[in-house]
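Coordinate analysis (summary)
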Amino acid sequence: MSIQARRERERAERERLIIEAARELAENEGWEAVTTRRLAERVEYSQPVLYSHFKGKDAIMAAVAVEGCADLAVELRAGRLAADGPEEALAAVADAYSSFAERRPALYDAIFSQRVDLPFATPEAPAALQAAFGELREAVRPFAGDDDLGLLTETFWSGLHGLVTLMRDGRLPREAHARRVAILLARFGSGL
């Protein structure tokens, strides 16, 4: 192995360690607790080493968001592919999305609620973001008809995200979440 290859591998390992530490700290204590100082302590590197990998907390959060989208895409795809038909696939994707938000709140927030410097809804969006949206799009596709598939997917995602966010923030009662999602699915599947 060349010295250059070893350095690149070590750099990638440090970045991975920093991202994992940020995810863990955010899941345990919230994003407010994630600081470069605390991350440096956790990964046992100096703050300048962290800054050699990331410009700051926002860049670390963006890296976490990209990884989170990759995880979300895997879960959405698994739900969609396990379903027997289009209605079941849409419901499975909605369930996987809601479940992800519940099980991984800090990760969900990094992707959808925190301000991150990532291009969303553009061809320049990272592949993981495109993959997650692509899974939503594939679940919506059977219902698009002559409608704009992208806009229809954004509308479905917006409705689902709104329900999840309002429920998580305590603005909608948690016990009625499944019924609300069922109403969204019924209206969506019937062509609104």
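Residues numbered from 1 in each chain as written. Predicted model: local features only at pLDDT ≥ 70, side-chain atom pairs only at ≥ 80, totals over all residues. Heavy atoms only, no water.

For the chain, an unreviewed UniProt entry supplies the name TetR/AcrR family transcriptional regulator and the organism Nonomuraea rhodomycinica.

1. Considerations on the overall build of the chain
The number of helices and strands found in the chain is 9 helices and 0 strands. Across the chain, helices and strands are ordered from the amino to the carboxyl terminus as α-α-α-α-α-α-α-α-α. Taking the principal axes of its C-alpha atoms as reference, the chain extends roughly 60 × 40 × 25 Å. The buried share of the chain, taken over its 192 residues, is 42%. Pairs at least 24 residues apart make up 60% of the contacts formed inside the chain by residues separated by at least 6 positions. Approximately 10,600 Å² of the chain is accessible, and the part contributed by carbon and sulfur atoms is 51%. Averaging the locations of the 25 positively and 31 negatively charged side chains of the chain gives two centres separated by 4 Å. (Helix = DSSP H or I, 4+ residues; strand = E, 2+ residues; numbered from the N terminus. Buried < 20%, exposed > 50% of the residue type's maximum accessible area, 1.4 Å probe, protein only. Contact = heavy atoms within 4.5 Å. Areas by Shrake-Rupley, 256 points an atom, 1.4 Å probe, with all protein chains shown as cover. Lys, Arg positive; Asp, Glu negative; His and termini not counted. Charge placed at Lys NZ, Arg CZ, Asp CG, Glu CD.)

2. What about the side chain of E67?
Looking at where E67 falls in the secondary structure, it is placed in helix 4 (residues 57-82). At 3.0 Å, the side chain of E67 and the side chain of R23 are in polar contact. (Polar contact = N/O pair within 3.5 Å; in protein donor to acceptor, adjacent residues only side chain to side chain.)

3. Some details on the UniProt feature "DNA-binding region" (unreviewed entry) in the chain
Feature annotation in UniProt assigns "DNA-binding region" (unreviewed entry) to the following positions: residues 35-54. With 75% helix and 0% strand, residues 35-54 has end C-alpha atoms that lie 12 Å from one another. (UniProt positions renumbered as here; feature names shortened; annotations may be inferred.)

4. A short note on the layout of surface pockets
Approximately 330 Å³ is the volume found for the largest pocket. Contributing to the lining of the largest pocket are 15 residues, with F120, A121, L129, Q130 and F133 lying nearest its centre. Secondary structure elements with two or more residues in the lining of the largest pocket: helix 4, helix 7 (127-140) and helix 8 (149-168). Counted by class, the lining of the largest pocket contains 11 nonpolar, 2 polar and 2 charged residues. (1 Å grid on protein atoms, 1.4 Å probe; cavity = no way out; pocket = protein on both sides within 12 Å on 5 of 7 lines; lining within 4 Å. Points joined across faces, edges and corners; volume = space filled by probe spheres on them. Nonpolar A, V, L, I, M, F, W, Y, C, P; charged D, E, K, R; others polar.)

5. Some thoughts on the domain arrangement of the chain
It is common to give the size of an interface as the accessible area that goes away when the parts come together. Segmentation of the chain into domains returns domain 1 (1-53) and domain 2 (58-188). With centres defined by C-alpha atoms, the gap from domain 1 to domain 2 works out at 28 Å. With 9 residues of domain 1 at the contact, the number on the domain 2 side is 14 residues. Of the roughly 980 Å² buried between domain 1 and domain 2 on both sides combined, carbon and sulfur atoms contribute 62%. (Domains from an automatic or database assignment. Buried area = accessible area lost by both parts, 1.4 Å probe.)

6. Here we look at the packing of aromatic side chains
For the structure on display, the rule yields 4 aromatic pairs. Consider the rings of Y97 and Y108, whose centres lie 5.6 Å apart with planes at 85°: the pair is edge-to-face. With Y97 in helix 5 (residues 86-103) and Y108 in helix 6 (residues 105-112), this residue pair connects regions lying 11 residues apart in the sequence. When its relative accessible area of 0% is taken as the criterion, Y108 is described as buried. Clustering of aromatic rings is evident, with ring pairs tying together Y97, Y108, F112 and W157. (Phe/Tyr/Trp six-rings, centres within 6.5 Å; stacked < 30°, edge-to-face > 60°.)

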